[in-house]
Amino acid sequence: MSDKTKADAPNGAKDRPGPSRRTVLAGGAVAAGATALSFPYVSRGLAAESLKFWQFYAPGGGVATQSKWFEDMAKSWNDSHDVKVELVYVPNNAYMDGTKLPTAFASGAGPDLFIISPGDFLRYYNGGVLLDLTPFIDKAAQDDLFPGVIANRMVDGKIYGLPMEVEPMAMYYSVDAFNEAGLTEKDVPKTWEDLLTVGKKLTTDKRFGVLFETAPGYYQNFTWYPFLWQGGGDIQSKDGKSAFNSPAAAQALKFWQDAVNMGVSPRKVLGGGGWDVVPNLASGYCAMQNVGIWAISQLHENAPNFKYGVFKLPTPPGGKYVTVGGGWAFVANAKGKNPKAAGEFCAWALGSMSPDSIERVVDWCTKAKSDMPPRKSALEKGKEAYSKGFLKVFADDIYPGARAEPRVPPPVYKAISDAIQACQLNGQKPEEAAAAASQQIDAFLAGYKGAPIL
Amino acid sequence: MANALRSNSVAMPAARKAAGFRLSSRQREWIAGYLFVAPDAIGLLIFVGAPMLLSLSLGFFSVSGFGEYSFVGLANYRRMLGDPLFWQSLKVTVFYVVMLVPALYVCGLGLALLIQADTRFNGFVRTLLFMPQTVSLVVVGLVWQVLLIDKIGLLNRLISALGVGGFSWLGDPRLALIMVVVISVWFLMGFYMLIFLGGLQDIPREYYEAAKIDGAGPVASFYRITLPLLRPTSFFVLLVSTVTAVCGSQTFDLVYIMTRGGPANTTSLAIFYVYQQAFLFNEYGYAAAMASVLVVVLMLITVLLFMLTRGGRFTYD
C-alpha cells in the first residue's frame, strides 16, 4: 500500500524526505487543539471545581502577616471541607480601579468569592451577582455584627457581605517633625484652622505640613466624606434628592483647596497613594497625613523605628466630630459555580459564633492588620489589644465617632470626585463645584432604580 | 508508438473522470497560498475584526456588565453629545495629539540625522535612545512620578538650584498634560528614530555627492533631498504616531499610572475616559459608542493622510 502511494505521488514527492503535507497539517491541527485547551476559556470546564477567591493580599506583599492570615484561613477550610478554596491574588491597583474584576464578570467568569469595599457594593449588588449570605449566618452571629458596620452591606434586611474589618480615618503625625518645629503633643490640631496653622509651621522646603489624597478615585472620596459630614452636609437628603449643594459641602471643598493654595498640602503624593503611609509620612515627605487605622500595621512592619502619633480628625467651626469607617468585606458570587459552598465559606470564615471564626476576626484586626473589629464578640475577645498603644486611641477616641462609608453608584461617585478635584487642584469656586455636582447627582437619581444609597 | 499514443489518449479522459476532484497545479497553488495566509487572517478576524464589529454593535445597547443587554438605539450617541466630560476628553486628546505628533516627528528625525553615521559610538547612543522601549510602561510611569514629585523630586531639586521651584509637574492642571507629552516623547522617540534611520539609509549617497558638487550645503541637501525622499517614512511615522496618540496603549498606560486622568480631568484623554466608563462605571454600551466615534475619527485622519499623499503612493518627480 505504501509503495503504491509513493508511486502515485506527484513528481519528486516520492523521494522527498520528512513528513508529508498531510502529516504536517494533521500535526498542526493537534497542536492548535492542545493550545486551545490550555486557554482558560476552554479548559475552565475541565478544571477542578475549587472555589476561586480573588483578593489582593499576595505573598510577599506589603505586610507579610496579612497574606499569611489568608493562607491559614484557606488551609483551615480546605483541611475540613470537600469543596476547596483557592486563593487568587490580583495586584492592588488592578483590583481597586482596574479591569480584572469587572472584565471577569462581564465575560461571565467572575470569581466565586471576592472582597469589596462599600464604595463598590452597589455596582455589584445592582448587577445581581452578590449572593444573599443571610441563610448561612446564625441569628446569634447576625446580632453579633455592629449594626452601623453591617448596614451598608445590607439590602431589604438581607446581608450581602461579611465585613472583615472597620477602618476609621484619622490624622497621623511625625514626632520628629513636630520636635523640629518646636511643637509638642499639646499642639495637636483640634480644628480645621489649627490644622492649617500647624501645617504651615511644619512645612519646609523639603516637606509638606499635611497630606490629603490627591489622586481621583473612590479612595479620595472616601477620605473626604468626614469633612462633608462634620459641617452637617450629606450626599442625599431624606426625600431621595441630592443634598450636595450645601454650605457644608462648599466648606469641606474649600478646606482642601485652602490646604493646597497655602502650600501646606502637596498636589501629588508618593507611593501607592494617600493610603500609603511609609513613602509619605515615614519618609518625611509630609509631617501629618490623613490616613486610616491600617497605617499602624504598615508602620509597624515597614518602618518600625519611625516615631509617630495619632489624633482624631479636626472639626470646622460649629461642626461635630465624625470620621468615616471603611473596610472590606467577603462576598460570594451568586452566579458562581457553587454559590452554596461559597456562602458557607463566608459564614464559616467571618460570620459564625464558633470560637475559630471569632478568633479569626480578632487575629485579622489585631495581628495581621490593625483594624477595628466589625463584631461585638471580636471586640470583647481582643480587648487586651485595644487597651494599649494606638489601637486604644482608635478604640477610645476615634472609632466612637465613625460613620459607615457610604455606598454610592458610580455616577454619584464621579460627580463628587470631579467636585473635589476641581476645587482641590484646579481652583474652582467651591460653591459652584458643589452646585454642579448636585445637579449631576439629581439628574442621575431621577432615573436610578437600584438599591438605596446609604 | 501510434497504438500506444491512441491507447493513452483513450485512457486519459477515463483517468480524469475517475479522479474528478484532482486539482490543477494552479488551483493547488491558489489553495496553498490561502492556507498559508489563513492562520494570520483567522487570527485577525477573531482578535481584531470580530471585536471591532462587536464593539460597534455594543454601542447600540445598554450593557450592565453582568450579562444584561437592552437595545437603546442611538441613545448612547445622544448621551455623548450632552456629556461635558466626553467633550473635555476630546479636547485633551486634540491637545495631546497636536503636541505629541510633531514633537515625535522632530525628535525622531533629528536624532536619526545626528546618529546616522555607522560608528561604534553612534551604535551605543542608538541603544541608549531605544532603551526606554524595553522597559515596562508601568515602571516608566512610576519612575517619572518620583522624578517629578513636588518639592523633593529630582527635577524640582535641579531647578531649585537655579532659584526657581515649587512646581507640581503632575499635580498642576497647567503642567500635567505637557509632562505626559514630554514623557511620551522620551519613551517613543527611540522607536521613531529607528524608523527614520531605516528611511535615511535607503537614500542613495550619490544624490548627496551630486548635490555637493553642485554647491548645495547641508541645509539645502536636507530640504531638497532628505525630506522629499523621506516622504514614505514620514507618512508612516505621522500615521502611526497619530494612532498611538489617540488610542495607543502607551498613552493609556502612562496616564493610568501617573495621573489617573487628573488633576481635575486635565489628562483624561478620550481613551482613558472610555476606560473609566467601561471598567469603573460598568457603562460598556456607552464606552463602546465612544470607542466607535474614536475609530471613525482615526479613519477620517487616515483617509485625509492618504488623500494628501495620493493614496500613499509617492513620486519624486
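What counts, and where the lines are drawn
- Every chain begins its residue count from 1, and numbering advances along the sequence as written.
- Labels follow written order: the first chain is A, the first ligand is 1, and so on.
- Only residues with pLDDT of 70 or above have their local features reported here, since the model is predicted, and side-chain atom pairs are shown and tallied only from 80 upward, although totals for entire chains, interfaces and linings are computed over all residues.
- To get the side-chain values, all heavy atoms of the structure are used, and hydrogens and water are removed first.
- Where helices and strands are cited, they refer to DSSP runs of H or I of at least four residues and of E of at least two residues respectively, numbered from the N terminus.
- To obtain an axis, a line is fitted to C-alpha atoms, over the contacting stretch when the element is a helix, and the angle between two such axes runs from 0 to 180 degrees between their N-to-C directions.
- Angle categories: roughly parallel below 35 degrees, roughly antiparallel above 145, roughly perpendicular from 65 to 115, and oblique for all the rest.
- In this analysis, two residues are considered to be in contact whenever any of their non-hydrogen atoms come within 4.5 Å of each other.
- Residue type decides the class: Asp, Glu, Lys and Arg count as charged, Ala, Val, Leu, Ile, Met, Phe, Trp, Tyr, Cys and Pro as nonpolar, and the leftover types, Gly among them, as polar.
- Whenever a pair of cysteine sulfur atoms sits within 2.5 Å, that pair is classed as a disulfide.
- Buried area is calculated as the accessible area (1.4 Å probe) missing from two parts once they are joined, with the contributions of both summed.
- By definition here, a salt bridge exists when the distance from a side-chain nitrogen of Lys or Arg to a carboxyl oxygen of Asp or Glu is within 4 Å.
- Any N or O atom pair separated by 3.5 Å or less is treated as a polar contact, with the protein-specific requirement of one donor-capable and one acceptor-capable atom, and with residues adjacent in sequence counted only for side-chain atom pairs.
- Under the pairing criterion, centres of Phe, Tyr and Trp rings, with the six-membered ring standing for Trp, must be within 6.5 Å; the plane angle then separates stacked pairs below 30 degrees from edge-to-face pairs above 60, leaving the rest tilted.
- Throughout this description, buried means an accessible area under 20% of the type-specific maximum (1.4 Å probe, protein chains only), exposed means over 50%, and partly exposed covers the range between.
- Patch membership requires more than 30% relative accessible area and the absence of a salt bridge. Residues of like charge join within 9 Å; the nonpolar side chains Val, Leu, Ile, Met, Phe, Trp and Tyr join within 5 Å.
- Only the protein chains shown count as cover for residues, and the accessible areas themselves come from Shrake-Rupley with a 1.4 Å probe.
- The pLDDT value tells you how sure the predictor is about a given residue, anywhere from 0 up to 100.

Caption draft 1: Geometry of unusual backbone geometry. Gly262 of chain B connects to Pro263 of chain B through a cis peptide bond whose omega is -5°. In this structure, Pro263 of chain B sits in the loop between helix H12 (249–258) and helix H13 (270–280).

Caption draft 2: Highlighting the packing of helix H12 (residues 218–230) of chain A against helix H20 (residues 410–426) of chain A. Residue and element names in this part refer to chain A. Two elements in contact, H12 and H20, have axes whose closest approach is 9 Å; the angle formed by their N-to-C orientations is 75°. Between H12 and H20, the angle is such that the two are roughly perpendicular. Along its contact with H12, which presents Tyr218, Gln220, Asn221, Trp224 and Tyr225, the element H20 presents Pro410, Tyr413, Ile416, Ser417, Ile420, Gln421 and Gln424. Across the contact of H12 with H20, the residue classes break down as seven nonpolar, five polar and no charged.

Caption draft 3: Just the state of the cysteines, in detail. Within the structure shown, the criterion is met by zero disulfides over all chains. A disulfide-free cysteine, Cys346 of chain A has its sulfur positioned 16 Å from the sulfur of Cys365 of chain A, the nearest such atom.

Caption draft 4: Geometry of the interface of chain B and chain A. At the junction of the two partners, chain B supplies 28 residues and chain A supplies 36 residues. A buried area of about 2900 Å², summed over both sides, lies between chain B and chain A, and 59% of it is on carbon and sulfur atoms. The largest per-residue losses of area from chain B upon contact with chain A belong to Phe66, Lys151 and Arg260 of chain B, which jointly make up 24% of the total buried on that side. At the junction of chain B and chain A, the tally comes to zero salt bridges. For the pair chain B and chain A, the number of links is 15 residue pairs in polar contact (both at pLDDT 80 or more). Within the residue set of the side of chain B that touches chain A, elements represented by two or more residues are H12 and H13 of chain B. The leading source of residues in the side of chain B that touches chain A is H13 of chain B, at four residues.

Caption draft 5: Region of the structure containing the packing of aromatic side chains. Taken as a whole and judged by the stated rule, the model has 63 aromatic pairs over all chains. Between Trp224 of chain A and Phe244 of chain A the ring centres are 5.8 Å apart and the planes differ by 50°, which places this aromatic pair in the tilted class. Here Trp224 of chain A, found in helix H12, pairs with Phe244 of chain A, found in the loop between H12 and helix H13 (247–261); they are 20 residues apart in sequence, far enough to count as distant. Note on Trp224 of chain A: relative accessible area 0%, which makes it buried. Ring geometry for Phe167 of chain B versus Trp169 of chain B: centroids 5.0 Å apart, planes at 35°, classification tilted. In textbook terms, an aromatic cluster arises when at least three aromatic residues are bridged by ring pairs, as seen for Phe53, Phe56, Tyr57, Trp69, Phe70, Trp77, Tyr95, Trp328, Phe330, Phe345, Trp348 and Trp364 of chain A.

Caption draft 6: A look at helix H7 (residues 118–126) of chain A. Residues and elements named next belong to chain A. The buried fraction of H7 is high, at eight of nine residues. For H7, the full list of buried residues reads Pro118, Gly119, Asp120, Phe121, Leu122, Arg123, Tyr124 and Tyr125. Positive phi appears at Gly128, one or two residues downstream of H7, with a value of about 75°.

Caption draft 7: Broad picture of a nonpolar patch on the surface. Residues and elements named next belong to chain B. Residues Ile42, Leu44, Leu45, Ile46, Phe47, Val48, Met52, Val295 and Met299 make up a contiguous nonpolar surface patch of about 910 Å² in total accessible area. Looking at the nonpolar patch, the elements with two or more residues in it are helix H2 (25–58) and helix H14 (284–308). The element best represented in the nonpolar patch is H2, accounting for seven residues. Its place among the elements puts Phe47 in helix H2.

Caption draft 8: The arrangement of the confidence of the model for chain B in detail. Residue and element names in this part refer to chain B. Of the residues in chain B, 91% reach a pLDDT of 70 or more, and the chain-wide mean stands at 89. Taking the mean pLDDT of every element in chain B, the minimum, 48, falls on helix H1 (residues 2–18) and the maximum, 96, on helix H4 (residues 84–114). Across residues 1–11, confidence stays below pLDDT 50; counting only partners more than four residues off in sequence or on other chains, it has zero contacts. For this predicted complex, the interface confidence score (ipTM) comes to 0.82, while the overall pTM stands at 0.85.

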